[in-house]
Amino acid sequence: MTSIPTGPDSDLLRDQAIKRLKKRRDFHAHLLVYVLVNTFFVVIWAAINRQGFFWPVFPIVGWGIGVVMNGWDAYRGEEFSEQSIRREMERLRPRG
């Protein structure tokens, strides 16, 4: 079992962990709504005209792109390093 760090860094780690857990929880809610709503669209399509054009493909693909991007943001685990933040600040600093 690993120990949890204490001190000033532990508050920063805790905030980062909470932020990441919230993103993952929100992604799971987004994914659930996506599946339920698009299943409802397919059921409507099947009940009305199963032989007709499969119009649910538009919300499935369009919204699916958003779900994938949301999942990527929640699970990619990429945090900015202090070095990259300082480098970007230096780049943005006005030259005088």
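Structure: above.
Below is a summary of the structure that appears in this document. Fair warning: this is a prediction, and the values are worked out from it, not measured in the lab.

Considering the pattern of salt bridges
Working step 1: Counting across every chain of the model gives six salt bridges.
Working step 2: Two residues, Asp-26 and Arg-25, come together in a salt bridge whose shortest N-O distance is 3.7 Å.
Working step 3: Look at Asp-26 and you get partly exposed, because its relative accessible area is 44%.
Working step 4: The network of salt bridges with common partners includes Lys-23, Asp-73 and Arg-76.

What about the packing of aromatic side chains?
Working step 1: In this structure the tally under the stated criterion is five aromatic pairs.
Working step 2: Geometrically, the ring pair formed by Tyr-34 and Trp-63 is edge-to-face, given 5.4 Å between the ring centres and 90° between the ring planes. With Tyr-34 in helix H1 (residues 8–49) and Trp-63 in helix H2 (residues 57–75), this pair connects stretches of sequence that are 29 residues apart.
Working step 3: A relative accessible area of 15% places Tyr-34 in the buried class.
Working step 4: Centroid distance Phe-53 to Phe-58: 5.8 Å. Interplanar angle 40°. Geometry classified as tilted.
Working step 5: Classification of Phe-58 as exposed rests on a relative accessible area of 55%.
Working step 6: In this structure, Arg-76 is placed above the aromatic ring of Trp-72, and the distance from its NZ or CZ to the ring centre is 5.2 Å.

Structural notes on the side chain of Asn-38
Working step 1: Along the polypeptide, Asn-38 turns up in helix H1.
Working step 2: With residues near it in sequence (within four places) discarded, Asn-38 still touches Pro-59, Ile-60 and Trp-63.

As for the environment of Glu-79
Working step 1: Within the fold, Glu-79 resides in the loop between H2 and helix H3 (82–92).
Working step 2: Since its relative accessible area comes to 44%, Glu-79 is described here as partly exposed.
Working step 3: Distance from Glu-79 to Gln-16, taken between C-alpha atoms, is 9.0 Å for residues 63 residues apart in sequence.
Working step 4: Beyond its immediate sequence surroundings of up to four residues, Glu-79 is in contact with Gln-16 and Arg-20.

Considerations on the environment of Phe-27
Working step 1: Relative to the helices and strands, Phe-27 is located in helix H1.
Working step 2: Between the C-alpha atoms of Phe-27 and Ala-74, which are 47 residues apart in sequence, the distance is 6.7 Å.
Working step 3: Look past the residues within four positions of Phe-27 in its chain and what remains in contact with it is Val-67, Asn-70, Gly-71, Ala-74 and Tyr-75.

With respect to a nonpolar patch on the surface
Working step 1: Together, Phe-53, Phe-54, Trp-55, Val-57, Phe-58, Val-61, Ile-65, Val-68, Met-69 and Trp-72 line one region of the surface with nonpolar side chains, adding up to about 1000 Å² of accessible area.
Working step 2: Turning to its location among the elements, Ile-65 is positioned in helix H2.
Working step 3: With relative accessibility at 53%, the residue Ile-65 sits in the exposed group.

Here is what the cut-offs are and how they apply
- Residues numbered from 1 in each chain as written.
- Predicted model: local features only at pLDDT ≥ 70, side-chain atom pairs only at ≥ 80, totals over all residues.
- Heavy atoms only, no water.
- Salt bridge = Lys/Arg side-chain N within 4 Å of Asp/Glu carboxyl O.
- Buried < 20%, exposed > 50% of the residue type's maximum accessible area, 1.4 Å probe, protein only.
- Phe/Tyr/Trp six-rings, centres within 6.5 Å; stacked < 30°, edge-to-face > 60°.
- Helix = DSSP H or I, 4+ residues; strand = E, 2+ residues; numbered from the N terminus.
- Lys NZ or Arg CZ within 6 Å of the ring centre and 35° of its normal.
- Contact = heavy atoms within 4.5 Å.
- Patch = residues over 30% accessible without salt bridge, like charges linked within 9 Å, V, L, I, M, F, W, Y side chains within 5 Å.
- Areas by Shrake-Rupley, 256 points an atom, 1.4 Å probe, with all protein chains shown as cover.

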